[in-house]
Amino acid sequence: MTEPRRPIESGVPDPFLYMHPLLKQNYGNWKWHDRPRPGVLHHVAYGGDEVWTVKAGTQRQMDVYTVRKLCEIADTFAEGHMRFTTRSNVEFMVSSADKVQPLIEALESSGFPVGGTGNSVSMISHTQGWLHCDIPATDASGVVKALMDAMYHEFTHEEMPNRVKITTSCCQINCGGQGDIAINIQHTKPPVINHDLVSKVCERPAVVARCPVAAIRPAMVNGKPSLEVDEKKCICCGACYPPCPPMQINDPVNSKLAIWVGGKHSSTRSKPTFHKLVAAGIPNNPPRWPEATEIVLKILHAYKDNAKAWERMGEWIERIGWPRFFELTELPFTKYHIDSWRGSRVQLNASAQVHF
Amino acid sequence: MSKQLPETPMLDQLEGGPWPSFVTGLKRLASSEDKPYAPMMKSLLGQLERSYETRKGYWKGGTVGVVGYGAGIIPRFSELSEEFPESAEFHTFRVMPPSGMHYDTEILNKLCDIWEKYGSGLIALHGQSGDIMLQGCTTENVQPCFDELNELGFDLGGAGAGVRTSMACVGAARCEQSCYDEAKAQRLIINSFLDEMHRPSLPYKFKFKFSGCANDCVNATHRSDFAVLGTWRDDMQVDQEEVKAYVAKNGRKQMIDQVITMCPTNALSLNDDDTLDVDNKSCVRCMHCINVMTKALKPGKERGVTVLVGGKRTLKVGDLMGTVVVPFMKLETDDDYEQLNDLAHRVMDFFVDNALEHERTGEMIERIGLVNFLEGIGVDLDPNMVAHPRTNSYVRTDGWDEEVAKWEARKGAPAKAKAAE
């Protein structure tokens, strides 16, 4: 019998093998940059070298034909190199200004929108959804496609007060992350337990330990060892579902969408912030999720029309106050907007400062 | 006769509209009759359409891997394998991209060649952790596909309770705001943790991310256990002629509204001659003014990093931002980079020894307190680690004098060292 091949544990590949030669030559020696138009960056090195970057949106979940098309465009119009951003935008680098327009035309005629720079709405960072995840309550790529169709103009233009980063998540773990706007699944009912399977599939103590509110306990059900949920305590987070699939949390009717705003990763101006709940109970309505899209657009336009230059969504709301936010977006304010755990007291308004 | 493309009336509605459609891509793969993956992708489309109809997912996990590794393949078996047998096994490869996600067309085409030979032809560039995700491989094809990817120079990323795939921003390759060599730091650290990545045995996942400045383009602060953010210690660089040119072009109102008053610590003032007055002692290196005036302003010259520890997403006790553990570490020489790597290993060792099962670093620190964590990793206290000192008077302070003595000794040390020179 032949020895199995052992892996070469090469780790993170060396980027210098693949990097555009101008980026390699000027590594760590860039002087300044500007943006000649939406979707285009222009960087100048201390030595005088210049590089133009054209950024375009992709569908993230790409077929090989799409990847090969991007390669063909890179070979014909962009000196054979590209890179990707954390939000699945593709960037092509060229060494002279006159190569920019033909590259833009090649991208646009192949269906790749040029944009996503500066104060635009960038591509939505998202998860896998029904296409590939084992615990999704909704799709990811489909929600994103529907939303990006609706926000296409905002991707290809720089008309927002500052950059807008949107995320989606198909369970409450929220792999999509913090966003100026986040569209996330919000379960509203406790898990439905298949007691025949629990003892066969689940490591029960691990499942009990996973619950953030200690609502799960071991129990004998119909003579079989299983688990039971204290439905008064359950917060419907779904944390028990991944380690114990017989505790089904996804519900085609009662798993809703919720919208959160004001999340921010950077330490720029204000410190990083978590996004805050503004709307829930939104139908999980494939294939185009029109109800969620409508609310997102409403929030986006309120921000666009009212925020000052450079204010991110959360900074704008911080300035105008939450009453004005709910007024401008015409969203209802309910008891669910007020957090109730011990540490949430800092979220209350402990002052005489009131917005009218 | 070849299998028919399934009817997908719901997915078809995602082919219209201006944004690139993943459905069109899936259909291209499913219609590639000359390719081995066409039947698998027809089947996949059928299952996905079913999910759209029923609003349910149909994938479950399992155990699939490659020889020598305990992570890197995400197994996916269909619960609808009888109806959709060709996509019954649809595993994902998590493959680490080059730092900064740079590619040339040759390497991407080779990647596509391998993936067309063994897999579905579906690639995500990139996943939320930064992986190249090759989605859709049969159990049988996993090992030969990996062998070819590996020979091409790619290695698998992390999954489960191990070190995860990492991300670095474009950084020094194309950004004047970069304050260190992100790719160097990323590759040094991650490639020294490959055992913890490929054979996961940590309490829970552990993520590193590398951003060149406070703009944090890879979301390190929130999305990593160990966030390395570029910064500088000396004064910001100001080209006063360019400041004047900015004011002349854009006007004083814009300069005041968009630069001066937006400084979070009021460290900026516009002089009467339209030059900029910077109070560098108050500046917190937030990058705002530098973002606005890209020609006039730049980070200082004494550059390095701030390290934040403990960021994570919701599961299970709610989101946490990373918090400052090292306010400044100079990163210039190879030795400096080794110091950073050494810190990473001290944090990892402490995490392995002290975290509970399924507990992230941030949760561990919340449980044991920052002070115990700092003692464990051998890092001195610094007021930069807190937003403000404690407000609760219920605290036992009978070790006060000893702590003051430690502080005085630390504070005196640099002065003494200087006097000895």
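Everything numeric in this text was worked out from a predicted model, so none of it was measured.

What counts and what doesn't
Residues numbered from 1 in each chain as written. Chains lettered and ligands numbered in written order. Predicted model: local features only at pLDDT ≥ 70, side-chain atom pairs only at ≥ 80, totals over all residues. Heavy atoms only, no water. Domains from an automatic or database assignment. Contact = heavy atoms within 4.5 Å. Buried area = accessible area lost by both parts, 1.4 Å probe. Salt bridge = Lys/Arg side-chain N within 4 Å of Asp/Glu carboxyl O. Disulfide = S-S within 2.5 Å. Helix = DSSP H or I, 4+ residues; strand = E, 2+ residues; numbered from the N terminus. Buried < 20%, exposed > 50% of the residue type's maximum accessible area, 1.4 Å probe, protein only. Polar contact = N/O pair within 3.5 Å; in protein donor to acceptor, adjacent residues only side chain to side chain. Pairing = 2+ DSSP bridges. Axes fitted to C-alpha atoms, helices over the stretch in contact; angles between N-to-C directions. Arc of directions from axis to C-beta. Expected span 1.5 Å × (residues − 1). Phe/Tyr/Trp six-rings, centres within 6.5 Å; stacked < 30°, edge-to-face > 60°. Lys NZ or Arg CZ within 6 Å of the ring centre and 35° of its normal. Parallel < 35°, antiparallel > 145°, perpendicular 65-115°, else oblique. Left-handed = near helix turned anticlockwise from the far one by under 90°. Nonpolar A, V, L, I, M, F, W, Y, C, P; charged D, E, K, R; others polar. Core = buried A, V, L, I, M, F, W, Y, C linked by side-chain atoms within 4.5 Å.

Caption draft 1: Here's a closer look at the domain arrangement of chain A. When its domains are assigned, chain A resolves into domain 1 (15-109), domain 2 (129-188 + 252-339) and domain 3 (192-236 + 243-248). For domain 1 of chain A and domain 3 of chain A, the distance between their C-alpha centroids amounts to 51 Å.

Caption draft 2: Examining the interface of chain A and chain B more closely. Each partner contributes residues to the interface: chain A has 111 residues there, and chain B has 119 residues. Roughly 10000 Å² of surface becomes buried between chain A and chain B when both sides are summed, with 58% attributable to carbon and sulfur atoms. Across the chain A-chain B interface, the total number found is eight salt bridges. Arginine 174 of chain B serves as the salt-bridge partner of glutamate 91 of chain A, at 2.8 Å between the closest nitrogen and oxygen.

Caption draft 3: Spotlight on the state of the cysteines. One pass over the full model with this rule turns up one disulfide over all chains. There is a disulfide in this structure between cysteine 202 of chain A and cysteine 244 of chain A, and the S-S distance comes to 2.1 Å. What sets the handedness of the cysteine 202 of chain A and cysteine 244 of chain A disulfide is the S-S torsion sign, and at about 75° it is right-handed. Of the two residues, cysteine 202 of chain A sits in the loop between helix 6 (195-201) and helix 7 (204-210) while cysteine 244 of chain A sits in the loop between strand 11 (224-229) and strand 12 (247-248), which places them 42 residues apart along the sequence. For the pair shown, cysteine 202 of chain A and cysteine 244 of chain A are each scored as buried. Its sulfur unpaired, cysteine 169 of chain B is 6.2 Å from the next cysteine sulfur, which belongs to cysteine 217 of chain B. On the basis of relative accessibility, which here comes to 12%, the residue cysteine 169 of chain B falls in the buried class. No disulfide involves cysteine 213 of chain B; its sulfur sits 6.1 Å from that of cysteine 175 of chain B, the nearest cysteine. A residue is classified by how much of its surface remains accessible, and cysteine 213 of chain B, at 8% relative accessible area, is buried.

Caption draft 4: Expanded view of the domain arrangement of chain B. Residue and element names in this part refer to chain B. Annotation of chain B at the domain level lists domain 1 (9-152), domain 2 (167-232 + 305-388) and domain 3 (237-298). Each partner contributes to the interface: domain 2 provides seven residues, whereas domain 3 provides six residues. With both sides pooled, the region where domain 2 packs onto domain 3 buries about 710 Å², and carbon together with sulfur makes up 58% of that total. By the criterion of area lost to domain 3, the three top residues of domain 2 are Glu176, Gln177 and Trp232, representing 68% of everything that side buries. The interface formed by domain 2 and domain 3 holds zero salt bridges in total. Taken together, the connections running from domain 2 to domain 3 amount to three residue pairs in polar contact (both at pLDDT 80 or more).

Caption draft 5: Structural context of the sheet that holds strand 2 (residues 40-45) of chain A. Here six strands make up an open sheet; going across it, the order is 1(A)-2(A)-3(A)-6(A)-5(A)-5(B) and the pairing antiparallel. A strand with exactly one partner marks an edge of an open sheet, and here the two such strands are strand 1 (30-37) of chain A together with strand 5 (102-104) of chain B. Looking at each pair of strands side by side, their axes are set apart by 30° on average, direction ignored. Pairing analysis gives five bridges linking strand 1 of chain A to strand 2 of chain A, with the strands arranged antiparallel. When the bridges of strand 2 of chain A are listed, tryptophan 30 of chain A appears paired with alanine 45 of chain A. Along the sheet face, helix 2 (residues 64-77) of chain A touches strand 5 (81-84) and strand 6 (90-94) of chain A and points at about 135° away from the line of strand 5 of chain A.

Caption draft 6: A look at the environment of glycine 157 of chain B. Residues and elements named next belong to chain B. Its location among the elements puts glycine 157 in the loop between helix 5 (139-152) and strand 8 (167-168). A relative accessible area of 0% places glycine 157 in the buried class. Taking the C-alpha atoms as reference points, glycine 157 and tryptophan 115, 42 residues apart in sequence, are found 17 Å from one another. With residues near it in sequence (within four places) discarded, glycine 157 still touches Ala71, Gly72, Arg94, Val95, Met96, Asp131, Thr165 and Met197.

Caption draft 7: Spotlight on helix 10 (residues 252-260) of chain B. Residues and elements named next belong to chain B. Of the residues making up helix 10, those classed as buried are Met255, Gln258, Val259 and Ile260. Down the axis of helix 10, the sector holding all buried residues measures 155°, keeping them to one side. Contacts from the buried residues of helix 10 go to helix 9 (240-250), strand 12 (268-270), strand 13 (276-278) and helix 11 (288-292).

Caption draft 8: Expanded view of helix 8 (residues 290-306) of chain A. Look at helix 8 of chain A: 24 Å from first C-alpha to last across 17 residues, which is about the 24 Å you get at 1.5 Å a residue. Buried within helix 8 of chain A are the following residues: Ala292, Thr293, Ile295, Val296, Ile299, Leu300, Ala302 and Tyr303 of chain A.

Caption draft 9: Main features of the environment of glutamate 291 of chain A. All names here are of chain A. Summarising the element assignment, glutamate 291 is placed in helix 8. Using a relative accessible area of 28% as the deciding quantity, one classes glutamate 291 as partly exposed. Separated by 34 residues in sequence, glutamate 291 and leucine 257 place their C-alpha atoms 9.5 Å apart. Leave out the neighbours within four places in its chain, and glutamate 291 touches Ile282, Pro283 and Asn285.

Caption draft 10: A look at the side chain of threonine 329 of chain A. Residue and element names in this part refer to chain A. Its location among the elements puts threonine 329 in helix 10 (residues 322-329). Take threonine 329: its relative accessible area is 1%, and that puts it in the buried class. Other than its neighbours up to four places away in sequence, threonine 329 contacts Lys298, Ile299 and Ala302.

Caption draft 11: A look at the packing of aromatic side chains. What the rule picks out here adds up to 19 aromatic pairs over all chains. Ring plane angle 75° and centroid distance 5.7 Å describe the contact between tryptophan 289 of chain A and tyrosine 52 of chain B, whose orientation is recorded as edge-to-face. Placement of the pair is tryptophan 289 of chain A in the loop between strand 14 (276-282) and helix 8 and tyrosine 52 of chain B in helix 3 (residues 38-54), with the two residues belonging to separate chains. The exposure classification of tryptophan 289 of chain A matches that of tyrosine 52 of chain B, with both residues buried. In this structure, lysine 184 of chain B packs its charged tip against the face of tyrosine 337 of chain B, placed 4.7 Å from the ring centre.

Caption draft 12: Up close: the packing of helix 2 of chain A against helix 3 (residues 100-109) of chain A. All names here are of chain A. Between helix 2 and helix 3, the least distance of the axes is 10 Å, while the angle of their chain directions is 160°. One element, helix 2, and the other, helix 3, form an angle in the roughly antiparallel class. Note on packing geometry: the crossing formed by helix 2 with helix 3 is right-handed. Where helix 2 abuts helix 3, its residues Leu70, Ile73 and Phe77 lie against Pro102, Leu103, Ala106 and Leu107. Classifying every residue of the contact of helix 2 with helix 3 gives seven nonpolar, no polar and no charged.

Caption draft 13: View of the nonpolar core. Residues and elements named next belong to chain B. Within the largest apolar cluster, 167 residues are counted, with the highest numbers of intra-cluster contacts made by Phe93, Phe208 and Phe226. Of the residues forming this core, the biggest block, eight residues, is contributed by helix 12 (residues 334-354). Here phenylalanine 93 is in contact with Gly72, Ile73, Trp115, Ile132, Met133, Leu134, Cys137, Val142, Cys145, Phe146, Leu149 and Leu156, once residues within four sequence places are set aside. Tyr246, Val247, Met255 and Val292 belong to the second-largest nonpolar core, a separate cluster that totals 27 residues.

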